[in-house]
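Letter by letter, the chains look like this.
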Amino acid sequence: MRCWVIGCEVMHRAMWQDVELSNEAEYVDGIFVSINPIILKIKKKLIEVAKKIWLPKFIIKYACSCFTLDHLDYRLDENNYIILTDNRVGWYPLRYLDLLKKRYGVKYVLVYMNPYSVSSEAVYALQERAELVFSYDRRDCEKHNFEYLPTVYSSSFLKKYINREKTWDLVYIGGENGRLNRLIGCFEQIDKSGIKYKFSIIGTDKEKQRYADKICYSTPVEYEKIVEQESKSNTILEVLSDKQMGTTLRALEAVILNKKFLTNNKRIVDLPFYNPKYIQIFDNPEEIDFEFVKREENINYHYKEECSPIRLIEKIHEYDRRVKNENYDHV
């Protein structure tokens, strides 16, 4: 069995890089191979066309040869698994993924990092083709018969950020994503509490910006900078929208960085590292205990790598072994 995970930015490396600890898996850091930029531009144009209309197979092969997926060491005597998250699927024409499956016997593993309800038609189509489908959202797992996976994160990525000197009592850095009123409600309570804070909202139209003299409104921020700011805080704040109920990267960052965690995610109690001493759940911003936020103490979640991507590889391995045994029994 061989597995490959496709990523393309720092956040994906933070999530997946520990797959390299497995002899059966590899992290591929990039969607496209390095080729002449003009040729790459031409191929990308053809790829976009191929997503919308039927093209001859030889054109599909030519255009998609720029994908890293086209250059992996597939082994015909083993099962080859491609792990794609829902936000990677849209890069590939589905017909190309079907050709890989036919040519190399590729098996797909789909990992939902976002709610099922907000996914694209391409993701739903790949779901039908996938051998295994995982989701961080228990509601989606129960409704659609997915495998539950709390989230994916490689703790080795955060080691250099642990034990930084604290600058703030609380940090929030995240996108607006339709939850601006909820974020503003949290900010108002935080601002009048007297604690030291950094509150940054990413991707908000200027006409919607409130308290702009105190809230940092910004364009997308590099993931490493987000983690660096969180490492200097006593507490990390997470605010989910109504559509989210699963584990986010903020939760794993808090656990691995040994930070207190403030969240409106009631389902966090189901996670193996949940500890009410370090994690406070609120429904309304007025419920936030700022003494909890300020109080410094030695934090240890006794995290046992429950969200390591190695756990996902193990699940794929179990599936692969089970399928092989079933095929053997039918011989």
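About the thresholds
Numbers given for residues are sequential positions, taken from 1 along each chain in its written order. Per-residue local features are limited, in this predicted model, to residues with pLDDT of at least 70; the limit for side-chain atom pairs, both in listing and counting, is 80 or more; totals at the level of whole chains, interfaces and linings are taken over all residues. Side-chain metrics rest on all non-hydrogen atoms present in the structure, leaving aside hydrogens and water. Side-chain atoms within 4.5 Å link the members of a nonpolar core, which is a set of buried Ala, Val, Leu, Ile, Met, Phe, Trp, Tyr and Cys residues. Relative accessible area decides the class of each residue, using a 1.4 Å probe on protein chains only: under 20% of the type maximum gives buried, over 50% gives exposed, and in between gives partly exposed. Each helix is a run of DSSP H or I of at least 4 residues and each strand a run of E of at least 2, with the numbering of both proceeding from the N terminus. Whether two residues are in contact is decided by their heavy atoms, any of which lying within 4.5 Å being enough. Here, strands pair whenever DSSP counts at least two bridges between them. Here the axes come from fitting lines to C-alpha atoms, over the contacting stretch only for helices, and the angles between their N-to-C directions go from 0 to 180 degrees. Only centres within 6.5 Å qualify two rings of Phe, Tyr or Trp (six-membered ring in Trp) as a pair; their planes then separate them into stacked at under 30 degrees, edge-to-face at over 60, and tilted for everything else. Charges are assigned to positions over rings by a cutoff of 6 Å between ring centre and Lys NZ or Arg CZ, combined with an angular limit of 35 degrees from the ring normal. For the purposes of these results, a polar contact is taken to be a pair of N or O atoms within 3.5 Å, where, inside protein, one atom must be able to donate a hydrogen and its partner to accept one; residues adjacent in sequence count only when each atom of the pair is a side-chain atom. Place the viewer so that the strands point away; then a crossover is right-handed whenever the path from the first strand over the helix to the second strand goes clockwise.

Would you mind going over the nonpolar core with me for this structure?
It is characteristic of soluble globular proteins that their nonpolar side chains tend to be buried jointly. Formed by 82 residues in total, the largest nonpolar core has its most connected members in Trp16, Leu69, Ile83 and Tyr153. In terms of residue count, helix H10 (residues 249-257) provides more of this core than any other element does, 7 residues in total. Sequence-distant contacts of Ile83, that is, excluding residues within four places in its chain, are made with Cys3, Trp4, Val5, Ile6, Trp16, Val109, Val111, Leu312, Ile313 and Ile316. If you look at the next biggest cluster of nonpolar residues, it comprises 22 residues, including Tyr217, Leu237, Leu262 and Val293.

Where do I start with unusual backbone geometry in this structure?
Peptide bonds are mostly trans, and most non-glycine residues show a negative phi. For Asn163, which is not glycine, the phi dihedral falls at a positive 65 degrees. When you line up the elements, Asn163 lands in the loop between strand E6 (147-148) and strand E7 (168-175). Phi at Glu305 is positive, roughly 60 degrees, even though this residue is not glycine. Mapped onto the secondary structure, Glu305 falls in the loop between helix H11 (290-294) and helix H12 (309-329).

What am I meant to see in the sheet that holds E7 here?
Two orientations exist for strands paired in a sheet by backbone hydrogen bonds: parallel and antiparallel. An order of E9-E8-E7-E10-E11-E12 is seen for the 6 strands of this open sheet, with the pairing classed as parallel. The sheet is open, and its two edges are formed by strand E9 (216-218) and strand E12 (279-281), each paired on a single side. Mean inter-strand twist for the sheet, computed between neighbouring axes without regard to direction, equals 20 degrees. Sheet topology places E7 next to strand E10 (residues 233-238); 3 bridges connect them, and they run parallel. Paired with Val171 across the bridge in E10 is Ile236.

I tried to follow the packing of aromatic side chains on my own but got confused; where do I start?
Two measures describe an aromatic ring pair: the distance that separates the ring centres and the angle between the ring planes. The full count for this structure, using the stated rule, is 20 aromatic pairs. Relative to Tyr303, the ring of Phe273 has its centre 6.1 Å away and its plane inclined at 70 degrees; by these criteria the two rings are edge-to-face. In this pair, Phe273 is assigned in the loop between strand E11 (260-263) and E12 and Tyr303 in the loop between H11 and H12, connecting sequence segments 30 residues apart. Phe273 gets classed as buried once you look at its relative accessible area, which sits at 1%. Among the aromatic side chains, those forming a connected cluster through ring pairs are Phe32, Phe67, Trp91, Tyr92 and Tyr96. In this structure, Lys44 is placed above the aromatic ring of Phe32, and the distance from its NZ or CZ to the ring centre is 4.5 Å. Seen from the ring of Phe292, Lys260 lies directly overhead, with NZ or CZ sitting 4.9 Å from the centre.

Please explain the side chain of Asn264 as it appears in this structure.
Take Asn264: it is sitting in the loop between E11 and E12. Among the polar contacts made by the side chain of Asn264, one reaches the main-chain amide nitrogen of Leu240 at a distance of 2.8 Å. Asn264 has contacts with Arg182, Glu238, Val239, Leu240 and Phe282, leaving out every residue within four places of it along the chain.

Sorry if this is basic, but what is going on with the pairing of strand E1 (residues 2-7) here?
The two faces of the sheet receive side chains in turn, since in a regular strand these alternate between them. The element E1 is largely enclosed, with a buried count of 6 among its 6 residues. Neither face of E1 is exposed, since Arg2, Trp4 and Ile6 on one face and Cys3, Val5 and Gly7 on the opposite face are all buried. Where E1 meets strand E3 (residues 80-85), 4 bridges bridge the pair, whose relative direction is parallel. Paired with Arg2 across the two strands is Asn80, which belongs to E3. Inspection of the sheet shows E1 paired to strand E2 (residues 25-29) by 5 bridges, in the parallel sense. Counted as the bridge partner of Val5 is Tyr27 from E2. With respect to chirality, the unit in which E1 leads through helix H1 (residues 10-16) into the neighbouring parallel E2 is right-handed.

Sorry if this is basic, but what is going on with the sheet that holds E1 here?
Pairing is parallel in the open sheet, where 6 strands are placed in the order E2-E1-E3-E4-E5-E6. Both outer strands of the open sheet, E2 and E6, are each paired with one neighbouring strand and no more. Summarising the sheet, strand E5 (residues 132-135) and E6 pair through 2 bridges and their orientation is parallel. Counted as the bridge partner of Phe134 is Glu147 from E6. Contacts from helix H5 (residues 94-104) reach E3 and strand E4 (107-112), with the element oriented near 140 degrees to E4. Of the strands in this sheet, E3, E4 and E5 touch helix H6 (residues 121-129), which is tilted by about 130 degrees from E4.

Looking at this model, I keep getting lost on the environment of Thr219. Mind explaining?
Positionally, Thr219 belongs in the loop between E9 and helix H9 (223-230). On a C-alpha basis, the gap between Thr219 and Asp205 in space is 10.0 Å, while along the polypeptide they are 14 residues apart.

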